[in-house]
Every structure is written in C-alpha cells, then in structure tokens.
Amino acid sequence: MTTFVIRRILVSLPVIFGIFVAVFVITRLLPGDPCRALLGEKATEAACSAFNARYGYDQPIPIQFVRYLQQVLTGDLGESIRFGVPVTQLIVDRLPTTIELTVISLSIATFFGIKLGVRSATKRNSRTDVSTMIFANLGVSIPVFVLGLLLAYFFAVVLKGTPIALPPANRYSAGVIPTEIAVAWGLAGLQGPLRGLLDFVSNMAIPNAILTLNFGNLVDGIKHLILPSVALATIPMAVIARITRSSLLDVLGSDYIRTARAKGLSEREVVSKHALRNALIPIVTLVGIIFSLMLAGAVVIVFGLRKGSTLRGCIAGHEFGKPLGAGPGTRLAPPHHPLRHARRLHASHPGQGTLNQQLADAHSQPSPQQLDVQKSAGGIQTLPSLTDM
C-alpha cells in the first residue's frame, strides 16, 4: 500500500508542475497590466515603471516563475497587492462561507439528483422519464448566473410581500451581526489553534447560529442561503440524475437482479436493496469530483455572497499571484494598512513618493464590496470575514 501511494504521488508531480506552468502562462497572457488595473486613471509611465520594479513584474518571465515556485515550496503565499493582507488570510476569511454553501448545494444536488435518476430509470421511456431528462438537459444548459437572476427576480420581486418571498442578496438581513462562538461560550480570552477553529466555524452562518443558540439568525441565514444554494445545485443535480439513470439501467439488466425478481421480491425491494447499491458506485466518485470543483472554483456573485468574487477581482485586477495562491506580484505587497505603509515607504524612499501616494489613494477608495455591505446594512458594518471567495 505504501509503495502504491508513493508511486501515485510521484506520477502526480509532473501533472502538478504542468498545472503551475499552465496557470502561470495564462495569467500572463491576459490583456492589460496590474499597474493600470490597480491605479486606473492615475497610472502614468513613471508610476508603472516604479510599480513593476517594486513588485518584480519587470523581471523576465522565467525568473518570475522560479520565484513563484520558491515561494510555494516554502509555504509563502505572499500578500495581496489589491487587499494589502496575506493571501493565506484572504483564503481563511472566505473559505468558511465557501464550504457552507458548497456542502448545502451538493447535498441538495445529490439528494434530488439520485431521486430523479431512480425515478427515471424505473419508469423508462415513460412520460416521467422523458420529462426528467428534459429537466436534466435544461439544468445543464442554463448558466448559474442566469438562473440566479431569474430566481432572484421571481422570489424577491414578483413574490415580494408574500409569505414565500426570499431575500435576493447578502448573507444576513440589514443590521444582523452574528456573535462569535468563543464569545457566546464565555471563551473570549481563549488563544491558540482551538480559538482559530472556533473563529473559522463562526464565519459559517448556520453552524454559528446553532452553536450560539441564536435561532433568529438561523432562520435568517437559511432564508438567505436558499436561492444561491438552489442556483449552484442545479447543474450538479442534473448531471447526477443523468448518471444515476444510466448506471441504474445497466444494473437492472444484470442476472442477479433477474434472480431477485424470480424469488418474488417486490420491485421496490429489488431497486432499493440490490440494484441501487451497485448503481451508486459511479455516483460516489462523481460527487467527490463535483465537490472539489464547487469548492475550488464555483463563482456565485448574483446573490451578494461574493462566492468567487475574490478570484474574479484578482483576475480583473491582474493580480497574477492570487489565482495561483502565490507569486512575485503578491510577495512585496503593502502589509497592513496601505496608506500607512505608503507613508512609511515614502519616508525611506523619497523618490517613489508619487507611486506610493497613488497606491495609497487607490487602496483608500472603498471597494464595490464595501459599498454593498454598507448600503445593505444601513451603515452598520458587518463582519468582513463573511465575505466569501
């Protein structure tokens, strides 16, 4: 077993290296440059030259790639130019809501996908089968952002004022601020890994509400998660339904199924106790793949959860390092507060004062995400860690 695991790891190394190379090259092929994307109208040739020199963008591409690999191998993911915080911190802050939404969406997709697939296979070539497969094809064909807009319009606009109306955006209702689990449990002074784990779970709306016994926040969190979860679950549910139908039809034609029927078992017992268990083997593999894809790259920004917006923002801002997890563009970024860091650099490097001031001005402008939070909360600042990736 150990030999097999070692062999598989060694075989995967060229694949991992190829992924690093491919993503690195693709990010460099994007039109534009990080300086103009970050500074906007304030970007001048002199400022961009200083910007590229400071962050290493003026170095040859092979040297940038070698620096990137060195950082990855040492566990240094660098710091974000756009946000001014370590990339690891960005990931940790946004990962809880990503996990929560992914788990809920995948649970919905798996449950209803298997149900529809079994129903379709047991009613082969019937109206139920045809209608289910039509629904599955539509689910695969409709983009998530289109379905999200339709759901938001229908449940938030058309059904506004009715008992089944649902909120179209944001993680919580205006003015709702969740309590940290450590504070609710009287462990405000707790430090170390356990406090980090509690803070991580605190950024998940539903577990936070359950563990702090705040059922008002629980209902509010569930209501805000219904629409994005359904939108994100539609495509996986359609795929699971189609694969379940195909796998179950293959199993239903096996000899042991014919024997089970000959023994006098009901069709329900044949399907549930004998056929479905073997038919679920490819479904389990598929669900694992879908989970990894949803966790790594699902982008849902229609409902204001900002799931994927960090990745989308760093790509739009040409932050080469963050889509990769690290990079030459993130290593030397301003830590902590950008304005204080710019003033400190100006004191130590007076010749770069213009660039530092422009960077500080660019960072000091409120981002669209911050404006959305302030607007939705009526001026009440909600937890920034609830902004998802």
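Within each chain, residues carry numbers counting from 1 in the order of the written sequence. In keeping with the model being predicted, local features are shown solely for residues with a pLDDT of at least 70 and side-chain atom pairs are shown and tallied solely at 80 or more, while totals for entire chains, interfaces and linings include all residues. The side-chain quantities take in all heavy atoms of the structure and omit both hydrogens and water.

Thoughts on the packing of aromatic side chains
Working definition: an aromatic ring pair is given by the centre-to-centre distance plus the angle between the planes. Centre distance within 6.5 Å is the pairing criterion for rings of Phe, Tyr and Trp, where only the six-membered ring of Trp is used; planes under 30 degrees apart are then read as stacked, over 60 as edge-to-face, and the remainder as tilted. Under the criterion given, the structure shown has seven aromatic pairs. Between F17 and F65 the ring centres are 6.0 Å apart and the planes differ by 75 degrees, which places this aromatic pair in the edge-to-face class. Placement of F17 in helix α1 (residues 2–28) and of F65 in helix α4 (residues 61–73) is noted, with a sequence separation of 48 residues between them. On the accessibility criterion, F65 (13% relative accessible area) is buried. For the ring pair F24 and F65, a centre distance of 5.1 Å and an interplane angle of 70 degrees mean the geometry is edge-to-face. Of this pair, F24 sits in helix α1 while F65 sits in helix α4, and the two are 41 residues apart along the sequence. Like F24, the residue F65 is buried in the burial classification. Here a set of aromatic residues connected by ring pairs shows up, and it is made of F17, F20, F24, F65 and Y68. Above the ring of Y172, the side-chain terminus of R171 is found at 5.7 Å from the ring centroid. Only runs of H or I of at least four residues qualify as helices and only runs of E of at least two qualify as strands under DSSP, and these elements are numbered from the N terminus. Only protein chains enter the calculation, and the probe is 1.4 Å; a residue is then buried if its accessible area is under 20% of its type maximum, exposed if over 50%, and partly exposed in between. Lysine and arginine charges are scored as sitting over a ring when NZ or CZ, respectively, is within 6 Å of the ring centre and within 35 degrees of the ring normal.

Let's talk about the environment of A165
Assignment of secondary structure puts A165 in the loop between α7 (144–158) and α8 (181–184). Sequence separation between A165 and F154 is 11 residues; the distance between their C-alpha atoms is 8.6 Å. Leaving out residues up to four positions away in the same chain, A165 has contacts with F155, L159 and K160. Only heavy atoms matter for contacts: two residues are in contact if any of them lie within 4.5 Å across the pair.

Quick notes on the packing of helix α6 (residues 127–141) against helix α11 (residues 215–252)
Lines fitted to C-alpha atoms define the axes here, with helix axes fitted over just the stretch in contact, and angles between the N-to-C directions of these axes take values from 0 to 180 degrees. Remark: α6 packs on α11, axes separated minimally by 8 Å, with the N-to-C direction vectors making an angle of 140 degrees. Considering the angle they form, α6 stands oblique to α11. With respect to the hand of their crossing, α6 and α11 are arranged in left-handed fashion. Residues D129, M133, F135, A136, N137, G139 and V140 of α6 form the contact with α11, whose participating residues are T234, I235, M237, A238, V239, A241, R242 and R245. Any angle that falls under 35 degrees is termed roughly parallel, while one over 145 is termed roughly antiparallel, one within 65 to 115 roughly perpendicular, and all others oblique. Left-handed describes a crossing whose near helix is turned anticlockwise from the far helix by less than a right angle; the clockwise case is right-handed.

Section: the nonpolar core
Here, nonpolar core refers to any group of buried Ala, Val, Leu, Ile, Met, Phe, Trp, Tyr and Cys residues whose side-chain atoms link them within 4.5 Å. The biggest cluster of nonpolar side chains holds 30 residues, and the ones touching the most others in it are V118, I240, L248, L252, I257, A275 and I290. Of all the secondary-structure elements, those providing two or more residues to this core are α5 (87–122), α10 (205–211), α11, α12 (255–262) and α13 (267–297). Leave out the neighbours within four places in its chain, and L252 touches A121, I257, R261, V271 and A275. L39, A47, C48 and Y57 belong to the second largest nonpolar core, which has nine residues in total.

A look at the side chain of S247
Inspection of the secondary structure puts S247 in helix α11. On the basis of relative accessibility, which here comes to 11%, the residue S247 falls in the buried class. When near neighbours in sequence (up to four residues on either side) are disregarded, S247 contacts A279 and P282.

What to know about the pattern of salt bridges
Any Lys or Arg side-chain nitrogen located within 4 Å of an Asp or Glu carboxyl oxygen qualifies as a salt bridge. Throughout the structure, instances matching the rule amount to seven salt bridges. Between D255 and R258 there is a salt bridge whose closest N-O contact spans 2.8 Å. Remark: R258 and D255 occur in helix α12; sequence separation between them is three residues, near one turn of the helix. Overlapping salt bridges, with partners in common, bring together E180, R195 and D199 in one network.

Observations concerning the packing of α1 against α4
At a closest axis distance of 11 Å, the pairing of α1 and α4 adopts a crossing angle of 130 degrees. Viewed along their axes, α1 and α4 adopt a mutual orientation that is oblique. Note on packing geometry: the crossing formed by α1 with α4 is right-handed. Touching F17, F20, V21, F24 and R28 of α1 are I61, Q64, F65, Y68, L69 and V72, all from α4. Classifying every residue of the contact of α1 with α4 by side-chain character gives nine nonpolar, one polar and one charged. Charged means Asp, Glu, Lys or Arg here, nonpolar means Ala, Val, Leu, Ile, Met, Phe, Trp, Tyr, Cys or Pro, and polar covers whatever is left, Gly included.

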